[in-house]
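Chain by chain, the residues:
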Amino acid sequence: MAPKTNQTLGEFIIENQDSFQYSSGELSKLINAIRLAAKVVNHEVSKAGLIDILGGVGETNIQGEDQQKLDLFANDKFIQTLRNREIVCGIASEEEDSFISINSNDKNNQNKYIVLIDPLDGSSNIDVNVSVGTIFSIYRRVTPVGTPVTIEDFLQPGNKQVAAGYVVYGTSTMLVYTTGDGVNGFTLNPALGTFYLSHPNMQFPEEGKIYSVNEGNYVHFHQGVKDYIKYCQMEEGDRPYTSRYIGSLVSDFHRNMIKGGIYMYPKSSVTESGKLRLLYECNPMAFLAEQANGLAIGGKTRIMDIEPTELHQRVPFFCGSRKMVEKLQEFLNKYH
């Protein structure tokens, strides 16, 4: 269905509900809950510097990373909003040690969805006013409806996702999501507090000229990645490519999807398993990438085919414009 001018996110969700294979209305309510929480977090992010919400809290999360005040604020807001709406049966957050089971007040609780979320991706950048974001992933539970969720509900491969998306809090705030029928982006009008469809049917250009990687870790990368980076830097044809790395996955991914590029966070001699989380970051971004004509791999394997073994599992991650990822794959295939 062709998108309408000035269509709000709420209108878009209702109009396209029938294109979703599980058209019960629950998913629409769930996306709406994420929209609401995103607006609350956006309001707080925009005030950073004016109130005491910058800096760390002196604690680390389950991954051993320093927690920022905004990390915990965003985590609390998303969990609180989803819990209060009683539309999910479980939540897993990058900031929580374990998953959260949601018990509805309705004894006949029929909630079927679980949410995995990175509440504030790139939060270490918030003190210097760099764009940050929220990443979310939605699955249907696999255990019987009406029973408490188990770890099995969360350890599903990415190809079982029913929806995924992100919110980028930047010069403008955007919510981008997919339910497996393309990718659409909505920009927040802060004066009205409403998200409007601004980027219908988002697509990665097949080829791009941007590569995004933390080159400060170059010496620790495996040889296939080093060779590809040198390829990007060669003066030949339309190369050298431009190096752009923000350090916020949402922001780097968003730019590359619009302009064309490849994002890389490889494993290395320091982080042998990679750094990014499969369930909270890689799977949802891979779903978005593939729905936007891009590719996402973890080396020689499609990201969404990886069978998770733990809640906070880390993997190498490469995604972006199709031809760029395919060229990287050629270099990776030369090495074991």
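A short tour of the structure in this document, coming up. These figures come from a predicted structure and were not determined experimentally.

**Observations regarding the overall build of the chain**
Then comes step 1: Secondary structure assignment for the chain yields eight helices and 17 strands.
Then comes step 2: Looking at the chain as a whole, 54% of its 336 residues are labelled buried.
Then comes step 3: Considering only intrachain contacts with a sequence separation of at least 6, the fraction spanning at least 24 residues in the chain is 67%.
Then comes step 4: For the chain, the exposed surface amounts to about 14500 Å²; the carbon and sulfur share of it is 46%.

**Focus: the sheet that holds strand E10 (residues 194-199)**
Then comes step 1: Spatial strand order, E4-E3-E5-E6-E7-E8-E9-E10: eight strands in an open sheet with mixed pairing. At either margin of the open sheet sits one strand with a lone partner, and together these are strand E4 (100-101) and E10.
Then comes step 2: Pairing geometry for strand E8 (residues 173-178) and strand E9 (residues 183-189), over five bridges, is antiparallel. Among the inter-strand pairings, threonine 178 is bridged to a residue of E9, identified as valine 183.
Then comes step 3: Against the sheet, helix H7 (residues 278-291) contacts strand E3 (90-93), strand E5 (113-121), strand E6 (132-140), strand E7 (163-169), E8 and E9, and its axis sits at roughly 85° relative to E6.

**Quick word on unusual backbone geometry**
Trans peptide bonds make up the majority, and among non-glycine residues the majority have a negative phi.
Then comes step 1: A cis geometry characterises the amide bond from arginine 239 onward to proline 240, with omega recorded as 15°.
Then comes step 2: In this structure, proline 240 sits in the loop between helix H5 (223-233) and strand E12 (242-243).
Then comes step 3: Phi is positive for glutamate 86, which is not a glycine, with a value near 50°.
Then comes step 4: Summarising the element assignment, glutamate 86 is placed in the loop between helix H3 (69-85) and E3.

**Section: the side chain of threonine 81**
Then comes step 1: Topologically, threonine 81 is positioned in helix H3.
Then comes step 2: A polar side-chain atom of threonine 81 sits 2.7 Å from the main-chain carbonyl oxygen of lysine 77.
Then comes step 3: If near-sequence neighbours (up to four positions away) are discounted, threonine 81 is found in contact with Ala33, Leu36 and Ala37.

**Focus: the sheet that holds E12**
Then comes step 1: The strand order across the open sheet built from five strands is E12-E11-E13-E17-E15, with neighbouring strands paired in mixed fashion. At either end of the open sheet lies a strand with only one pairing partner, and these are E12 and strand E15 (294-297).
Then comes step 2: Across four bridges, the pairing between strand E13 (residues 261-265) and strand E17 (residues 317-321) is antiparallel. Bridging from a neighbouring strand, methionine 264 pairs with phenylalanine 318 of E17.
Then comes step 3: With respect to the sheet, H7 is in contact with E15 and E17, its orientation differing from that of E15 by roughly 155°.

Definitions and limits used
- Residues numbered from 1 in each chain as written.
- Predicted model: local features only at pLDDT ≥ 70, side-chain atom pairs only at ≥ 80, totals over all residues.
- Heavy atoms only, no water.
- Helix = DSSP H or I, 4+ residues; strand = E, 2+ residues; numbered from the N terminus.
- Buried < 20%, exposed > 50% of the residue type's maximum accessible area, 1.4 Å probe, protein only.
- Contact = heavy atoms within 4.5 Å.
- Areas by Shrake-Rupley, 256 points an atom, 1.4 Å probe, with all protein chains shown as cover.
- Pairing = 2+ DSSP bridges.
- Axes fitted to C-alpha atoms, helices over the stretch in contact; angles between N-to-C directions.
- Polar contact = N/O pair within 3.5 Å; in protein donor to acceptor, adjacent residues only side chain to side chain.

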